[in-house]
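Listed below are the residues making up each chain.
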Amino acid sequence: MIGVTVMQENTSRGVATDFDGNFTLEIEAGSTLTFSYVGYLTERIEDVTETDALHIVMKPDATNLDEVVVIGYGEQTKQTLVGSVSSVKGEDILQTGSVSTISEALQGQSPGMTIINSNGKPGADAGEIFIRGKSTWRNASPLFLVDGVERDVNNIDPNEIETISVLKDAASTAVYGVRGANGVILVTTKTGKLSDPVFNFSANLGIKQPTKTPKKADYLTAMRAYNEAAFNDRNYDQLIPRSTIDAWTEHYDERGPYNPYFPEIDWYDELIGTGFEQTYNLNVRGGGNKIKYFASLGYRDDGDIFQTEKNPDYDPSYRLRKYNWRTNLDFDITATTKFSVRFSGNYRVRNQPAYRISNGVEDGYGQAQFYERIYYAPQNLFPITHPDGYPGDASDGEGNLLVYLNEGGQRTYQYFQGFYDAQLDQKLDFITKGLSFNASINYSSLSNYSKQILRDGVQGAFSGLNIIRYYRRYDYSLPTVDEQGNVSYPLIEELRWPDNQAQEGPVNGSLPNLYGYNRRLNYRFQLEYRRRFNDHNLNVTALMLRQNDVWRNGYPARREEWIGRLSYNYKERYMIEASGNYSGTEKFAPGLRFGFFPAIGGAWVISEEPFAKKLAGNWLDFLKVNYSYGEVGNDRTDSFQYVQTYDSAGDVRFGYETPTGYGPRYMEGAIANPNATWEKSTQQNLKISADLIEKVSFELDMYKSDREDILMQRRTVPTFVGYSDLPDANIGRTKSHGYELTLGWNDRIGSDFRYNVSFGTSFTENRVVFRDDPAMMDRYLKDAGKPIDWKSLPIAGGYYQSLDDIYNGPGQNHGSGLSNLVPGDILYVDYNGDGVSDNNDRVPMKDVEAYPLRTYNLRLGFNWKNLGFNALLYGVTNTGYTVPDLLFYDFAGGFVQAQPDVLTRWTPETADTAEKPALHLVNNHNSTNSTLLYRDGSYLRLKNIEINYAFKGRVLESLGLKQLQLYANGNNVLTWSKLDIPVDPETSGAGVYPVLKRYNFGLRVTF
């Protein structure tokens, strides 16, 4: 075995085994050696002489009870852990298919952690994370820390990560006080270890594609359906002439993207193809008795699925280039003093086309609109390029997506993150044995720059882009056939865009503009007392930390925390732990800035009881019960709400015939809220853990949370108060509960084949307890008793079958009067029976759409000699999805194109089988979001899969290599869903960069 740590007991002298498991270590005769490796029992050999040739057999640790678990400001073992904490190993992150962000890689890795990846744009594809669902309708994101410091985790190179701990209950998060209510994610990076330098190099090349591909009905079907819709709307002037339909029918096989008379452009095929990505990392790890080190350099080039064309002046492609670096150094200055420094960071350059972004930020107006046009831009109205070389366009000048993608210019965003840490660890055994002191200072610097190369007109409407293009319409009733048999048609309309006088000019560039900046200074002082008294183990921690933030164009932000934790166990059988955090922040008024957040927990390792060992025999390896109770907070809200503001506008005029204005006029702004405070969450957790027959593992968490003081806008302010814009108040309340279950099986067949299977699932449910509902509001319209982010929709009760149904049914207030309805339109139910179907008849849907209530995963893996395999299936249930109008109804944007299921619409002949309402060119009535569009949003993915083969042996050694591993893996490889729509089930609609599946090939080399 390579990498086994061999130490001379009670010294810092040690080495690591080489490729063949060999080692050489100079020791004194009679010394004791220990042999340790993650996942294996520690072996101990006493009274070793200088001439002994040792043959050590490492035994797998089926229970991993001594496995170290990183918790807030400390470490515990699996056996002594009191809180609810799950861990993800860095090596598991590396096998997730070369995703761009850590949040993407974490999806499906830990029950109770829900991650929604709804965007695939390079550099903007971080997932939204919830721990144990949502307990607030405000910011529900967890707290992220890297090596104990609040920092961004998404842009860390996965090769730098040792472990990731997910802290879920109050016993584990109370030490974070007012920041801990939404859970905490701790990332621990790799550090040096006692060994010769070990270099690791990895290279990854990958391709990526959208997980879904849209389809349309053929154009002949679309034209006939369009005429049917125009007839239903009585818009007879919009009927497509018979001559046009006949001409298209006769020449349909001649259609194509460059045919001026019979154009057909598959925009998805023209715009989107296969993207490429590449990732490289080189790191080194090792150390001696005085210094231990880990250093890493990484590079990622995340390419584009959009088939952009590079211009001599600019590159409009979507692309991310990311550079990562890290150096972690630990200096053993003396036997009792250690000094550590950490330097890390990343530099990213993100590029994208320059389509309209109007509000000065990265994802402003124009981005979603561009993506949506992929699904409804006209396919048969104009060619990509006319025979004279000019681009084609629609009559509104906004149809040619290739022009907007390639010709508008580029926008470039540059991001820098630098992290600098220093830490001193000092043992104070000379005062009392087991006492130690720790001090650290951490500095973070973040800056964002933007620059553009833009063509005139790209900032306004799409039609204003200064590229000459033409819309041309032909008369299909007057074909002309030349001597060669070629058919042409007379031109009856021509429009020039952006206007008749415009001439194309040069593009304009800008210098980098600083639009985001933050620097953060943390410092911390910590005392720890860890002592064993025979069978009694005591650990006491006390620390103080401060954090100062400075933002661009903002006030500094400060927080201070005083933290304590006491842990005690007897024979590692009975555990009790108490912790507390006294948090302070300047966000709130003086006198209301500090709060205390306590928690208490206990655990009982039943399997250590003599009676359990007697009753269970050899089949029970481990059985433990944990319980915790505590209070944590959430202060993610606007600062300085307690400050009264004043506004100025205009003037005050005095005088009658010749009034004079005096100003400026000052007026009272929004009323201050001097009592604003943080949310409080009271949490309970019960956990049962078991390991059986050295093969089976079991974990069950059951939890409950009650949250109060949620800041919200009042909804029951009487008019006689005289002020409509009252400040928010801490009056909201919610409750939630759920469970998490993990089952695992690890075994071997023979000496070479090891395999593992694990299944995990979690379910969370929440309810709004109070959200200031009006007293006389109908119960089904109130927030109380509903899930957070619940959705209400009118009930689609079927289709009108006749005009009698329309005029004898309830009134309809859904965008169209009864006179505009026809048989086949949707009959919306009058739920409250007042004679009219309107917004008061919206009823709550079964499941929310913002997040799933249940997630599950199935992990499979095996190792056979040098061959390895692992796969992760991930799925969600208990979530809804409302199909966007754009993906359900036909003739979006007024263009002649239809969905593939257009023939399932209502007609008198299909009245009993219709799946869609009658066709309309404008769906004011039918396009109301209703239960007709509401779907089951459940899905199942083959989330990750990898197969690898490791080459070992003397040939590699002769090349100076210890190991060479080749692998192929994938991410989002397969998706099964009940949604028959052309976008991924994790997205909220068509207005986003498509979610991607990835296929990768690479190598990992150790030397």
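Note that the structure is a prediction, hence the values are computed from the model and not measured. (Residues numbered from 1 in each chain as written. Predicted model: local features only at pLDDT ≥ 70, side-chain atom pairs only at ≥ 80, totals over all residues. Heavy atoms only, no water.)

The next subject is the overall build of the protein. Regarding its fold elements, the protein presents 11 helices and 52 strands. What you see for the protein is a C-alpha radius of gyration of 33 Å, in line with the 30 Å of a compact globule of 1007 residues. Split into buried and exposed, the 1007 residues of the protein put 51% on the buried side. Long-range contacts, defined as pairs at least 24 residues apart, comprise 69% of the intrachain contacts of the protein with a sequence gap of at least 6. Averaging the coordinates of the 101 positive side-chain charges in the protein and doing the same for the 125 negative ones gives two points 7 Å apart. (Helix = DSSP H or I, 4+ residues; strand = E, 2+ residues; numbered from the N terminus. Rg over C-alpha atoms; globule rule 2.2 N^0.38 Å. Buried < 20%, exposed > 50% of the residue type's maximum accessible area, 1.4 Å probe, protein only. Contact = heavy atoms within 4.5 Å. Lys, Arg positive; Asp, Glu negative; His and termini not counted. Charge placed at Lys NZ, Arg CZ, Asp CG, Glu CD.)

Its place among the elements puts Pro 844 in strand β45 (residues 842–844). Dropping the residues within four chain positions of it, Pro 844 is found in contact with Tyr 780, Lys 786, Trp 790, Lys 791 and Ser 792.

All right, on to the layout of surface pockets then. The probe, sized like a water molecule, is rolled over the atoms to show the empty space still left. Approximately 1200 Å³ is the volume found for the second largest pocket. Lining the second largest pocket are 47 residues, with Glu 150, Arg 151, Asp 152, Arg 520 and Trp 551 sitting closest to its centre. For the lining of the second largest pocket, the secondary structure elements donating two or more residues are β10 (143–146), β17 (319–332), β18 (337–353), β19 (409–427), β20 (435–454), β26 (513–533), β27 (536–551) and β28 (557–570). Tallied by class, the residues present in the lining of the second largest pocket amount to 13 nonpolar, 16 polar and 18 charged. (1 Å grid on protein atoms, 1.4 Å probe; cavity = no way out; pocket = protein on both sides within 12 Å on 5 of 7 lines; lining within 4 Å. Points joined across faces, edges and corners; volume = space filled by probe spheres on them. Nonpolar A, V, L, I, M, F, W, Y, C, P; charged D, E, K, R; others polar.)

With respect to the element layout, Ser 447 can be found in strand β20. Measuring from C-alpha to C-alpha, the distance between Ser 447 and Gln 414 comes to 8.2 Å, with 33 residues separating the pair along the chain. Apart from residues lying up to four places away in sequence, Ser 447 is in contact with Gln 414, Tyr 415, Phe 416, Leu 514, Gly 516 and Tyr 517.

Taken from the UniProt record, the annotation "domain: TonB-dependent receptor plug" (unreviewed entry) applies to residues 78–184. End C-alpha atoms of residues 78–184 are separated by 18 Å, and the span's content is 12% helix alongside 25% strand. (UniProt positions renumbered as here; feature names shortened; annotations may be inferred.)

Take helix α7 (residues 367–376) next. Of all 10 residues in α7, 7 are buried, a share of seventy percent or more. Of the positions making up α7, those classed as buried are Gln 367, Phe 370, Tyr 371, Arg 373, Ile 374, Tyr 375 and Tyr 376. For α7, the secondary structure elements touched by its buried residues are α6 (267–271), β18 and α8 (401–406).

Attention now goes to the sheet that holds strand β12 (residues 161–167). Taking strand neighbours across the sheet as the criterion, the 5 strands line up as β7-β12-β13-β10-β11 in an open arrangement whose pairing is mixed. Either end of the sheet is taken by a strand with one partner, and the two such strands are β7 (85–89) and β11 (149–150). Sheet topology places β10 next to β11; 2 bridges connect them, and they run antiparallel. In the sheet register, Leu 145 faces β11, and the bridge partner there is Glu 150. (Pairing = 2+ DSSP bridges.)

So, on to the pairing of β27. Relative to β27, β26 runs antiparallel, the two sharing 16 bridges. Among the inter-strand pairings, Arg 519 is bridged to a residue of β27, identified as Val 550. Across 14 bridges, β27 lies against β28 in antiparallel orientation. Counted as the bridge partner of Leu 538 is Tyr 568 from β28. What sits between the antiparallel neighbours β27 and β28 is a turn of 5 residues, in which Asn 553 has the positive phi angle 55°.

The side chains of a regular strand alternate, first on one face of the sheet and then on the other. Two elements, strand β16 (residues 291–302) and β17, share 12 bridges in a ladder whose sense is antiparallel. Counted as the bridge partner of Gly 298 is Asn 324 from β17. Of the pairings in the sheet, the one linking β17 to β18 comprises 14 bridges and is antiparallel in character. Paired with Arg 326 across the bridge in β18 is Ser 344. The hairpin formed by β17 and β18 contains 4 residues between the paired strands.

Across its 14 residues, helix α4 (residues 219–232) extends 20 Å between first and last C-alpha, which sits within 8% of the 20 Å expected from 1.5 Å per residue. Among the 14 residues of α4, 11 are classified as buried, and the element is accordingly described as predominantly covered. The set of residues buried in α4 consists of Tyr 219, Leu 220, Thr 221, Ala 222, Met 223, Ala 225, Tyr 226, Asn 227, Ala 229, Ala 230 and Asn 232. Each element contacted by the buried residues of α4 is listed here: α5 (242–250). Here α4 starts with a cap whose side-chain oxygen sits 3.2 Å from the backbone nitrogen of Leu 220, and that cap is Asp 218. (Expected span 1.5 Å × (residues − 1). Polar contact = N/O pair within 3.5 Å; in protein donor to acceptor, adjacent residues only side chain to side chain.)

A separate point is the nonpolar core. Counting residues in each nonpolar core, the largest one holds 53 residues, and the members touching the most others are Leu 271, Phe 306, Phe 370 and Ile 374. With residues up to four places along the chain from it excluded, the contact list for Phe 306 reads Leu 271, Ile 272, Tyr 318, Phe 370, Tyr 371, Ile 374, Leu 405, Tyr 993 and Pro 994. Ranked by size, the runner-up nonpolar core spans 25 residues in total, among them Ala 225, Tyr 226, Ala 230 and Tyr 476. (Core = buried A, V, L, I, M, F, W, Y, C linked by side-chain atoms within 4.5 Å.)

A few words on the pattern of salt bridges. Two side chains bearing opposite charge may form a pair once their charged atoms approach each other closely. If you walk through the whole model with that rule in mind, you get 53 salt bridges. With a shortest N-O distance of 2.5 Å, Asp 393 and Arg 469 are connected by a salt bridge. Of this pair, Asp 393 sits in the loop between α7 and α8 while Arg 469 sits in strand β21 (residues 469–474), and the two are 76 residues apart along the sequence. Assigned by exposure class, Asp 393 and Arg 469 land together as buried. For Arg 771, the salt bridge is made with Asp 783, and the minimal N-O distance between the two is 4.0 Å. One end of the pair, Arg 771, is in the loop between β39 (753–770) and β40 (792–794); the other, Asp 783, is in the loop between β39 and β40, and 12 residues separate them in sequence. Sharing partners across several salt bridges, the network here consists of Glu 104, Lys 208, Glu 277, Arg 300, Asp 302 and Arg 998. (Salt bridge = Lys/Arg side-chain N within 4 Å of Asp/Glu carboxyl O.)

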